[in-house]
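These are the residues of each chain, in order.
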Amino acid sequence: MRTARTAATLMAVVALAAGCSSSGGKTSEDRADGSTGGRSAGTPRLKIAMVTHSGEGDTFWDIVQSGAKQAAAKDNVQFLYSNDKEAKGQAELVQSAIDKKVDGIVVTLAKPEAMKAVLAKAKDAGIPVVTINSGGEFSQRFGALTHIGQDESVAGEAVGSELNQRGRKKALCVIHEQGNVSLEQRCAGVKKTFKGTVENLNVDGTDAPSSQSSVEAKLQAAKDIDAVVALGAPVAAVAVKAKQDAGSEAEVDTFDLNAAVVKSLKAKDVGFAVDQQPYLQGYLAVDELWLYRTNANVIGGGKPVLTGPAIVTEKDVPKLETYTARGTR
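Rules used in this analysis
- Sequence positions are assigned chain by chain, starting from 1 and proceeding in written order.
- A pLDDT threshold of at least 70 governs which residues receive local features in this predicted model, and a stricter bar of 80 or more applies before side-chain atom pairs are shown or counted, although totals over entire chains, interfaces and linings include all residues.
- Note that water and hydrogens are dropped before the side-chain values are worked out from all heavy atoms of the structure.
- The way it works is that DSSP assigns letters per residue, a run of H or I at least four long becomes a helix, a run of E at least two long becomes a strand, and they are numbered from the N terminus.
- For the exposure calls, accessible area comes from a 1.4 Å probe over protein chains only, and a residue counts as buried if that area is under 20% of its type's maximum, exposed if over 50%, partly exposed in between.
- Should any heavy atoms of two residues lie within 4.5 Å, those residues are considered in contact.
- Each accessible area is a Shrake-Rupley estimate made with a 1.4 Å probe; only the visible protein chains count as cover when residues are assessed.
- A pair of strands is labelled paired if DSSP reports no fewer than 2 bridges between them.
- The handedness of a crossover follows from its direction of travel: if, with the strands pointing away from the viewer, the path from the first strand over the helix to the second runs clockwise, the crossover is right-handed.
- Along the arc lie the directions from the helix axis toward the C-beta atoms.

With that settled, the discussion passes to the overall build of the protein. Regarding its fold elements, the protein presents 13 helices and 13 strands. Each of the 329 residues in the protein was classed as buried or not, and the buried ones make up 54%. For the protein, long-range pairs separated by at least 24 residues make up 74% of all intrachain contacts whose partners lie at least 6 apart in sequence. Accessible surface for the protein amounts to roughly 13,900 Å². Of this, 48% is attributable to carbon and sulfur atoms.

Right under this line is the structure:
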């Protein structure tokens, strides 16, 4: 894998987690299959809620939850997950977590302004917050301990550079959720480094047939599009079908990784993918709140902890197939 940015802070976090058995009461070790062996930390039972902006059918969040659940099993944590693609609904779910007097909240900031007031309430209630995945630049000002994820602008820039190396000239950047600041940053990053032209296309990511029709129509109307940049794995699958039906020669590339994307890389239906390690985002978020509650630790010194981006291609398929099959990559 060619990593677009070195996450030295992340390595320090991994080292810290590895040493918890001797300093924080964490006794279990990860097994090769991702299980915990049935043991958990000898610390008081905690309740941690994760509230995301996920829409229906987005497998990315299954991987995030997989990481969070493993950390919860090790840390003696009751893990509560909820999601709403609408900003108002997500804010209400955070309020519900506050009302339940949880010990920590993990939240995404896809539409940050809608979350500002309710996160202030969490702070007033003495509930620590960790943000993941989106809206990292708002994390600290909204009172979160830290943000865990990738720098979306940098990730977009990495895609633009990769498209240059592949000789592409015109790219279609498919935004599957309007108003999501992270998705907009990705396309803006592509435009910043790509020497060709970039056109954004907004689709409804929760409606696959409609999204496919929109991408197909654009490819039929603009035959010179030679790259389609999907901003999520489910959209990549839609884009591949749209390309085939449109008779287009465009290369489909995507942000995010799952088992389906790895298969598409292997079949060369997708040129490359940007991996931000969602499993790690869920795992570290729960672990951070456990560490904070039991030992007053703040990973990264309050600075963002980077989990990506990394560019993966068909050359990386052999090592990734096992991990994606078990839902950890």
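When strand β7 (residues 170–175) meets strand β8 (residues 197–202), the two strands line up parallel, connected through 6 bridges. Within β8, the residue paired with Cys173 across the bridge is Asn200. Traced from β7 through helix α8 (residues 181–193) to β8, the parallel crossover comes out right-handed.

So, about helix α13 (residues 317–325). Within the sequence span of α13, burial applies to Val317, Leu320 and Thr324. Here the buried residues of α13 occupy an arc of 65° about the axis, which is enough to place them on one side. Turned more than 90 degrees away from the buried face of α13, the exposed residues are Pro318, Thr322 and Ala325. The inward-facing, buried residues of α13 contact α11 (259–266) and β13 (310–312). Immediately beyond the C-terminal end of α13, within one or two residues, lies Gly327, with a positive phi of roughly 80°.

This part is about the sheet that holds strand β4 (residues 104–107). The strand order across the open sheet built from 6 strands is β3-β2-β4-β5-β6-β12, with neighbouring strands paired in parallel fashion. The sheet is open, and its two edges are formed by β3 (77–83) and β12 (305–306), each paired on a single side. Here strand β2 (residues 46–52) pairs with β4 via 4 bridges, running parallel. Paired with Ile48 across the two strands is Gly104, which belongs to β4.

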